[in-house]
Amino acid sequence: MEEPIIITDPDSDRYHTFGYISWWKQEVVRNATVLVVGAGALGNEVLKNLALMGIGNVIIADFDTIEDSNLSRSVLFRSSDRGRRKVDAAAERVKELNPDVNVKTWHGDINFEMGLGVFRHVDAIVGCLDNREARLSINRFSWAVDKPWVDGAIQELMGIVRVFWPGRGACYECTLSDLDYQIIGLRYSCPLLARENILQGKVPTTPTSASIVAAFQTQEALKLIHGMEVQPGKAMMINGLTNDVYTTEYPVKDFCMSHSRLEPIVELPDAQADKTTLADLFTIARVELGQEAALEFDGELVVSMYCPSCDETTPFFKRMARLYEQEQTCPTCGTKRDLNLTHRINGDEDFLARTLAEIDVPPLSIIRARNGDKRVYYEITGDKETFMTFE
Ligand SMILES: [Zn+2]
Ligand SMILES: [Zn+2]
């Protein structure tokens, strides 16, 4: 049975025209949460479109600030915004365009600083990025928690739009060539400097290619939200010079590093990063996995630093990937300190009274507990209520 189409009053309903579209469900759009990663040229256009459509909740993630050179491709920014965080200006303008939209801003490095659970609890992820490493991160996160994401890329008058869906066709990493890995490797080769070196891509872009590609990205997100058919693992290639538009399918790589799902994920509704201690987590893990359960992290954690000149050890507790080079310098004597690193906590450490936040675990993280072959992924689900709050 076709559902009846309800036509509203155009005078008082801003979504009136969508009512004529047979499959469009405004309440589905209103209830959806979309994570937009990147608030640059593509992000501006995607956010504008989502706002016009009346998306319910949007998380805007970006680490950058606004400079005048952004203004030629960013419909949401003004010259008076110079120096502001992109997320803040974008959020303000989205609210201006449509006060119905609930917005959450998140300022940080998507590669290392967002809890994986955030990806689990959104309906669609739109990548509006200008670099390979952030795409690769999002791709691995989306695989880990089994969520589709929409990628967009622009260069001059060219554009690419792709939906990647774990287990359905090729993923982003399947499409990477040896050269891509080399470029990513160059940036990763010096982990201490990785964060400071993430520069804006120097790829030239135009407001037209940004709006064309972002429009398709938003449409794909809209289809995902409605549960409509998409074409994962395929690329829509748009050549604005010749006006050729075609679709091409990528082969799935047999040994793609991204193809790894976290299973099983166990939600811990009472756990919160700033309240739950490592000891608390061990109590839970030992019930499930036995006394030898250990907690493991994908990256290295700097537990302490040792200054050989001062012969002094200082507790530190910051993830290596988030460490700035200057932090390694001894504040007393200026010597470069040795790092005491770990990626595995066995349960006999002297810092188990620390909360997860106190060992640099972000809200809504997912943490691996393991005993031999048995593993469980604990989501710090209690953070959902505090993290997924929108204004
Ligand atoms: Zn792959
Ligand atoms: Zn020293």
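Residues numbered from 1 in each chain as written. Chains lettered and ligands numbered in written order. Predicted model: local features only at pLDDT ≥ 70, side-chain atom pairs only at ≥ 80, totals over all residues. Heavy atoms only, no water.

Asks: So what's going on with the overall build of the protein? Residues and values would help.
Replies: The number of helices and strands found in the protein is ten helices and 14 strands. Its C-alpha radius of gyration of 23 Å places the protein within 12% of the 21 Å reference for a compact globule of 391 residues. Principal axes of the C-alpha set define a box for the protein whose edges measure 70 × 45 × 45 Å. When each of the 391 residues of the protein is scored for burial, the buried share is 50%. (Helix = DSSP H or I, 4+ residues; strand = E, 2+ residues; numbered from the N terminus. Rg over C-alpha atoms; globule rule 2.2 N^0.38 Å. Buried < 20%, exposed > 50% of the residue type's maximum accessible area, 1.4 Å probe, protein only.)

Asks: Would you mind going over the coordination of the zinc ion (ligand 1) in detail, with residue names and values included?
Replies: Expected angles at a metal are 109.5 degrees for tetrahedral coordination by four donors and either 90 or 180 degrees for octahedral coordination by six donors. Looking at the zinc ion (ligand 1), one finds its protein donor set to be Cys171 (SG), Cys174 (SG), Cys256 (SG) and His259 (NE2), positioned 2.1 to 2.3 Å from the metal centre. Mapping the donors of the zinc ion (ligand 1) onto the primary sequence yields the spacing C-x2-C-x81-C-x2-H. As far as burial versus exposure is concerned, Cys171 and Cys174 are alike and both buried. (Donors = N, O, S within 2.8 Å, 3.2 Å for Na, K, Ca; no water.)

Asks: Can you lay out the confidence of the model for the protein for me, pointing to particular residues and giving the numbers?
Replies: When pLDDT is averaged along the protein, the result is 94; 95% of the residues meet or exceed 70. Here residues 193–201 is a poorly scored stretch, pLDDT under 50, and it has 20 contacts once near neighbours within four places are set aside; other chains count. (pLDDT = per-residue confidence, 0-100. Contact = heavy atoms within 4.5 Å.)

Asks: Break down the coordination of the zinc ion (ligand 2) for me, with residues and values.
Replies: Distances from the zinc ion (ligand 2) to its protein donors, namely Cys307 (SG), Cys310 (SG), Cys330 (SG) and Cys333 (SG), fall within the range 2.2 to 2.3 Å. Coordination geometry of the zinc ion (ligand 2): the four donor atoms subtend angles of 102 to 114° at the metal centre, consistent with an arrangement described as tetrahedral. With relative accessibility at 37%, the residue Cys333 sits in the partly exposed group. (Tetrahedral: all angles 85-135°; square planar, octahedral: opposite > 155°, others 65-115°.)

Asks: Can you break down the packing of aromatic side chains residue by residue, with the values?
Replies: The relation between two aromatic rings is expressed through the spacing of the ring centres and the mutual angle of the planes. Per the stated rule, a full pass over the model turns up eight aromatic pairs. Considering the side-chain rings of Phe18 and Trp24, the 4.0 Å spacing of their centres and the 20° angle between planes classify their relative orientation as stacked. The class of Phe18 is buried, set by a relative accessible area of 16%. Measuring from ring centre to ring centre gives 5.4 Å for Trp149 and Phe164, while their planes differ by 40°; the resulting arrangement is tilted. Of this pair, Trp149 sits in strand S5 (residues 149–155) while Phe164 sits in strand S6 (residues 158–164), placing them 15 residues apart in sequence. (Phe/Tyr/Trp six-rings, centres within 6.5 Å; stacked < 30°, edge-to-face > 60°.)

Asks: Talk me through the nonpolar core; I want residue IDs and the actual numbers.
Replies: Core analysis: the largest hydrophobic core is formed by 45 residues, its most contacted members being Val34, Val36, Leu47, Ile55, Val58 and Ile60. Contributions of two or more residues to this core are made by strand S1 (33–37), helix H2 (41–53), strand S2 (57–62), helix H3 (86–97), strand S4 (124–127), S5, S6 and helix H8 (207–226). Leaving out residues up to four positions away in the same chain, Val58 has contacts with Val34, Val36, Leu47, Leu50, Val101, Asn102, Val103, Lys104 and Phe390. With 30 residues, the next largest nonpolar core counts Val37, Phe119, Val122 and Ile366 among its residues. (Core = buried A, V, L, I, M, F, W, Y, C linked by side-chain atoms within 4.5 Å.)

Asks: So what's going on with unusual backbone geometry? Residues and values would help.
Replies: In the segment running from Glu263 into Pro264, the intervening peptide bond is cis, with an omega of -5°. Residue placement: Pro264 occurs in the loop between strand S8 (244–249) and strand S9 (265–267). Unusually for a residue other than glycine, Glu156 sits at a positive phi of about 45°. Take Glu156: it is sitting in the loop between S5 and S6. Since its relative accessible area comes to 45%, Glu156 is described here as partly exposed.

Asks: Run through the pattern of salt bridges, naming residues and quoting values.
Replies: Inspection of every chain in the model, using the stated rule, returns 24 salt bridges. In this structure, the salt-bridge partner of Glu92 is Arg84, at a minimum N-O distance of 2.6 Å. Of the charged contacts in the structure, one is a salt bridge between Asp360 and Arg319, with a shortest N-O distance of 3.7 Å. Of this pair, Asp360 sits in the loop between strand S12 (338–345) and strand S13 (366–371) while Arg319 sits in strand S11 (residues 312–319); the two residues are 41 residues apart in sequence, bridging distant segments of the chain. Neither Asp360 nor Arg319 differs from the other in exposure class; each is buried. Sharing partners across several salt bridges, the network here consists of Asp81, Arg84, Glu92, Arg93 and Glu96. (Salt bridge = Lys/Arg side-chain N within 4 Å of Asp/Glu carboxyl O.)

Asks: Explain the pairing of strand S3 (residues 102–107) residue by residue, including any values.
Replies: A regular strand places its side chains so that they alternate between the two faces of the sheet. Bridging between S2 and S3 involves six bridges; their strand directions are parallel. Residue pairing for S3: Ile60 is matched across the bridge by Thr105. (Pairing = 2+ DSSP bridges.)

Asks: Talk me through the side chain of Thr175; I want residue IDs and the actual numbers.
Replies: Assignment of secondary structure puts Thr175 in the loop between S6 and helix H6 (178–188). Within the structure, Thr175 has its side chain in polar contact with the backbone oxygen of Tyr172 (distance 2.6 Å). Once residues lying within four places of it in the same chain are set aside, the contact partners of Thr175 are Arg162, Phe164, Asp180 and Tyr250. (Polar contact = N/O pair within 3.5 Å; in protein donor to acceptor, adjacent residues only side chain to side chain.)

Asks: Help me get a handle on the sheet that holds S4, residues and values and all.
Replies: What the eight strands build is an open sheet, ordered S3-S2-S1-S4-S5-S6-S7-S8; its pairing is mixed. Bordering the open sheet on either side are S3 and S8, each of which pairs with just one other strand. Each strand of the sheet is rotated relative to its neighbour by a mean of 15°, with strand direction disregarded. The pairing of S5 with S6 spans seven bridges and is antiparallel. Bridging from a neighbouring strand, Ala153 pairs with Ile160 of S6. With respect to the sheet, H3 is in contact with S2 and S3, its orientation differing from that of S3 by roughly 175°. Sheet strands touched by helix H5 (residues 132–145): S1, S4, S5 and S6. Its angle to S5, the strand with the most contacts, is close to 165°. (Axes fitted to C-alpha atoms, helices over the stretch in contact; angles between N-to-C directions.)

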